[in-house]
Amino acid sequence: PVFGLSMIAVLFFGMAIYSTYFMLPLLLEKLLKFPTLTAGEILLFPALASGVGAVLTGFLGDKFKIQKQLAIFAGIMVILGNLLLTKINFGLTKWQIVLYLLPWGFSMGMIFASLTPLALAPFHGENIKEPTALQSLIRLVGGSIGTAVATTYFTRMHLHHFRHLNEFVDTSKSIYNVLLFKMK
């Protein structure tokens, strides 16, 4: 049952992570009007944080044998990281956005590094090959589903959301005029 539950978690986290990774460049470039290079620089930092989160989680899990606690903590961090993503809006600087993205990136590295030892614990030696491959496949299938859902949702709902976003535009702020000028 641990392997099955871990695979379900990997599927859903894969959906969430890959769909978010797909949408972030669109948010940064199309909506917030950052140049492509700047958007890439912004996304570099959560990617690095993901690597740090994975290494740190692996180290702590191996050293203290606390994989279950790390998985629970990683799940909480994923929720908090995603909540911080909702704070990204017009008027934030590049570095403010990076600060909002760092916990999200860190938690993404943590979640897979904490789920993998839990899922593969029952398997040893030659028996570990298939479950490892299955876990990778499920993560990628989840990512494909997440990206497809995000793309479909984005293309179907973009006009509705842009209208909704316009309700929150405060035309008295100077950033509005700068962005409006860039759009012309």
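Predicted model, so just to flag it, every value in this text is computed and none were measured.

Q: Could you give an account of the overall build of the chain, with specific residues and numbers?
A: The secondary structure content of the chain amounts to six helices and zero strands. Counted from the first residue to the last, the chain has its helices and strands arranged as α-α-α-α-α-α. The principal-axis extent of the C-alpha atoms belonging to the chain is close to 65 × 35 × 25 Å. The proportion of buried residues among the 184 residues of the chain is 32%.

Q: Outline the nonpolar core, listing residues and values.
A: Membership of the largest hydrophobic core comes to 32 residues, with the highest contact counts inside it found for Leu28, Ile42, Ile97, Leu101 and Ile111. Setting aside chain neighbours within four positions, we find Leu101 in contact with Leu24, Ile42, Leu43, Pro46, Leu85 and Ile88.

Q: Residues and numbers for helix α1 (residues 2-31), please.
A: If you check α1, its first and last C-alpha atoms are 41 Å apart, about what 30 residues at 1.5 Å a residue would give, namely 44 Å. Lys33 lies just past α1 and shows a positive phi near 65°.

Q: Account for the layout of surface pockets, with residues named and values stated.
A: Each pocket or cavity is described by its volume, and for the largest pocket that value is around 1500 Å³. Taken together, 35 residues line the largest pocket, and the ones lying closest to its centre are Leu27, Leu31, Ile88, His161 and Leu165. For the lining of the largest pocket, the elements supplying multiple residues, two or more each, are α1, α3 (67-85), α5 (129-166) and α6 (174-183). Looking at which element gives the most residues to the lining of the largest pocket, the answer is α5, with ten residues. Residues belonging to the lining of the largest pocket are distributed by class as follows: 22 nonpolar, nine polar and four charged.

Q: Before we move on, could you go through the packing of aromatic side chains and cite the residues and values that matter?
A: Under the counting rule described, the total for this entry stands at three aromatic pairs. On the numbers, 5.3 Å between centres and 65° between planes, the contact of Phe45 with Trp95 is edge-to-face. Taken together, the residues Phe45 in helix α2 (residues 36-64) and Trp95 in helix α4 (residues 94-120) connect sequence positions 50 residues apart. You can call Trp95 partly exposed: its relative accessible area is 49%. In this arrangement the basic side chain of Arg139 is found over the ring face of Phe112, its NZ or CZ atom lying 5.4 Å from the centre.

Q: Provide a residue-level description of the pattern of salt bridges, including the pertinent values.
A: This structure, assessed with the given rule, holds two salt bridges. Two residues, Lys94 and Glu41, come together in a salt bridge whose shortest N-O distance is 2.6 Å. One end of the pair, Lys94, is in helix α4; the other, Glu41, is in helix α2, and 53 residues separate them in sequence. The shortest N-O distance in the salt bridge between Glu126 and Lys129 comes to 2.9 Å.

The rules we used
- Residues numbered from 1 in each chain as written.
- Predicted model: local features only at pLDDT ≥ 70, side-chain atom pairs only at ≥ 80, totals over all residues.
- Heavy atoms only, no water.
- Helix = DSSP H or I, 4+ residues; strand = E, 2+ residues; numbered from the N terminus.
- Buried < 20%, exposed > 50% of the residue type's maximum accessible area, 1.4 Å probe, protein only.
- Core = buried A, V, L, I, M, F, W, Y, C linked by side-chain atoms within 4.5 Å.
- Contact = heavy atoms within 4.5 Å.
- Expected span 1.5 Å × (residues − 1).
- 1 Å grid on protein atoms, 1.4 Å probe; cavity = no way out; pocket = protein on both sides within 12 Å on 5 of 7 lines; lining within 4 Å.
- Points joined across faces, edges and corners; volume = space filled by probe spheres on them.
- Nonpolar A, V, L, I, M, F, W, Y, C, P; charged D, E, K, R; others polar.
- Phe/Tyr/Trp six-rings, centres within 6.5 Å; stacked < 30°, edge-to-face > 60°.
- Lys NZ or Arg CZ within 6 Å of the ring centre and 35° of its normal.
- Salt bridge = Lys/Arg side-chain N within 4 Å of Asp/Glu carboxyl O.

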